[in-house]
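Summary of the model geometry
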Amino acid sequence: MEPKRTVSIIGTGSYVPEKVLTNHDLEEMVDTSDEWIHSRTGMRERHIAAENQAASDLGAEAAQKALADAGIRADEIDLIVVATLSPDMFFPSTACFVQEKIGAKNAYCYDLGAACSGFLYALDNAKNQIASGAVETALVIGTEKMSAFLDWEDRTTCILFGDGAGAAVLRASDEGRGIMKSVMGSDGSLAELLQTPGGGSRNPMTHGMLDQKQQFLRMQGRDVFKHAVTRMTESVVQALEKNGVSADEVKCFIPHQANIRIIDAIAKRLKVADRMYTNVDKYANTSSAALAIALDEAVKDGTIAKGDLVVLTVFGGGFTWGANVLEWGK
């Protein structure tokens, strides 16, 4: 049996739509204020996709940038995994639509559903396939058009989310430790705290379902906050231990960009506030795209450099959560 190969990220990219919706814009839409939103979430603005843009369009834009950053062609990709909770449609997969848009004719494609944890789950999934020798090159994308699934009359949820996409190209590497061991978890008993209850086989699309606005995201914010802080903190500690790395060795911690208070609470518990990366003020919560966008920005702005150890951690509906450690090699 051949030993597993080291797998590294060789390119990243991200994309957000042109339209910006600020907190002041939201003041004109619902009973809220810029001060209220910013003080409780850290958010200043978010990007909103155009009516003719779907999740695959955003994902394809991010993918093209990641391919250019990696210096490879689309036909070199063997696998495309798209993490999303706002797919173009139930089927075909959003990954297949991205494949067609970017011309990745040699890839096989599928979607992965883990809500806001999706990008990290997909990253680990693709990494393991490369490490086993099943594929050589993988494209992992987190892409969301959250605006299509929000009740814009519900101030408790519509202020929190934005649209966007991020992508990473993975390939086997002969230097460094690359993407290291992950820690993942789920708890389906808490699904009702964060979900979109209508539209699936449990509660099919009907006039009654639409009248009750069950096609929109629903969240019990206080409960989600508590579980997110606990689970992300625990998973980071476990991932560090699993990989034999101390928190002091880590250059940058990148959490899911859900809320600045969640991020600050995790940073305080881990005692890493000076190394916690955030961009939630610019994009709000873009679900599975959030971690991917933050990783790309951290690389592009020089926060992360070759040889740096980076910790990624996520939390999402399901509940789902996880963390991993990687040594940046690009």
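Note that the structure is a prediction, hence the values are computed from the model and not measured.

This next bit is on the environment of Gly 113. Along the chain, the position of Gly 113 falls in the loop between strand 5 (108-112) and helix 5 (118-131). What makes Gly 113 exposed here is its relative accessible area of 70%. In the structure, Gly 113 is positioned 102 residues away from Gln 215 in sequence and 17 Å away in space, judged by C-alpha atoms.

Under the defined criterion, the tally for this structure stands at 16 salt bridges. Here Asp 75 makes a salt bridge to Arg 73, at a shortest N to O gap of 2.9 Å. Among the residues examined, Arg 73 registers a relative accessible area of 53% and is labelled exposed. A salt bridge links Asp 308 to Lys 251, with the nearest nitrogen and oxygen atoms 3.5 Å apart. With Asp 308 in the loop between helix 10 (288-300) and strand 12 (309-316) and Lys 251 in the loop between helix 7 (221-242) and strand 11 (252-255), the pair connects residues that are 57 residues apart, well separated along the chain. Through salt bridges with shared partners, one network takes in Arg 73, Asp 75, Glu 76 and Arg 171.

On to the sheet that holds strand 8 (residues 179-186), then. Strand order in the open sheet formed by 4 strands is 8-13-12-11, with mixed pairing between adjacent strands. Bordering the open sheet on either side are strand 8 and strand 11, each of which pairs with just one other strand. Across this sheet, the average inter-strand angle for adjacent strands is 10°, counted without regard to direction. Across 4 bridges, strand 11 lies against strand 12 in parallel orientation.

Moving on, we get to the UniProt feature "active site" (unreviewed entry) in the chain. The UniProt entry lists Cys 116, His 256 and Asn 285 under the feature "active site" (unreviewed entry), expressed in the numbering used here. For the residues just named, distributed over 170 residues, the greatest C-alpha separation is only 8.8 Å, placing them together at one site. Relative to the helices and strands, His 256 resides in the loop between strand 11 and helix 8 (260-270). If we ignore the near neighbours within four places in the chain, the residues touching His 256 are Cys 116, Met 232, Ile 263, Asn 285, Ser 287, Ala 290, Thr 313, Val 314 and Phe 315.

Glancing now at the packing of aromatic side chains. Under the definition given, this model contains 2 aromatic pairs. Judged by centre distance (6.2 Å) and plane angle (35°), the ring pair of Tyr 108 and Tyr 110 falls under tilted. Ring geometry for Phe 315 against Phe 319: centres 4.7 Å apart, planes inclined by 50°, an arrangement best described as tilted. What makes Phe 315 buried here is its relative accessible area of 4%. Judged by relative accessible area, Phe 319 falls into the buried class, the value being 2%.

Next up on the list: helix 10. With respect to burial, helix 10 is a largely interior element, 12 of its 13 residues being buried. Along helix 10, the residues that are buried comprise Ser 288, Ala 289, Ala 290, Leu 291, Ala 292, Ile 293, Ala 294, Leu 295, Asp 296, Glu 297, Ala 298 and Val 299. One or two positions beyond helix 10, positive phi appears at Gly 302, with a value near 85°.

Definitions and cut-offs
- Every chain begins its residue count from 1, and numbering advances along the sequence as written.
- Since the coordinates come from a predicted model, pLDDT governs what is reported: local features require at least 70, and pairs of side-chain atoms require 80 or more to be given and counted, while whole-chain, interface and lining totals use all residues.
- Where side-chain values are given, they derive from all heavy atoms of the structure, hydrogens and water being excluded.
- Only runs of H or I of at least four residues qualify as helices and only runs of E of at least two qualify as strands under DSSP, and these elements are numbered from the N terminus.
- Accessible area is worked out with a 1.4 Å probe on protein chains only. A residue is then buried under 20% of its type maximum, exposed over 50%, and partly exposed in between.
- A side-chain nitrogen of Lys or Arg and a carboxyl oxygen of Asp or Glu constitute a salt bridge if their distance falls within 4 Å.
- By definition, two strands form a pair when at least two bridges between them are found by DSSP.
- Axes, fitted as lines to C-alpha atoms, cover a helix only where it is in contact. Angles between the N-to-C directions of the axes lie from 0 to 180 degrees.
- UniProt positions are given in the numbering used here, feature names are shortened, and annotations may be inferred rather than shown by experiment.
- When checking whether two residues touch, look at their non-hydrogen atoms; a contact exists if any pair is within 4.5 Å.
- Working definition: rings of Phe, Tyr and Trp (its six-membered ring) pair if their centres are within 6.5 Å, and the pair is stacked with planes under 30 degrees apart, edge-to-face with planes over 60 apart, and tilted otherwise.

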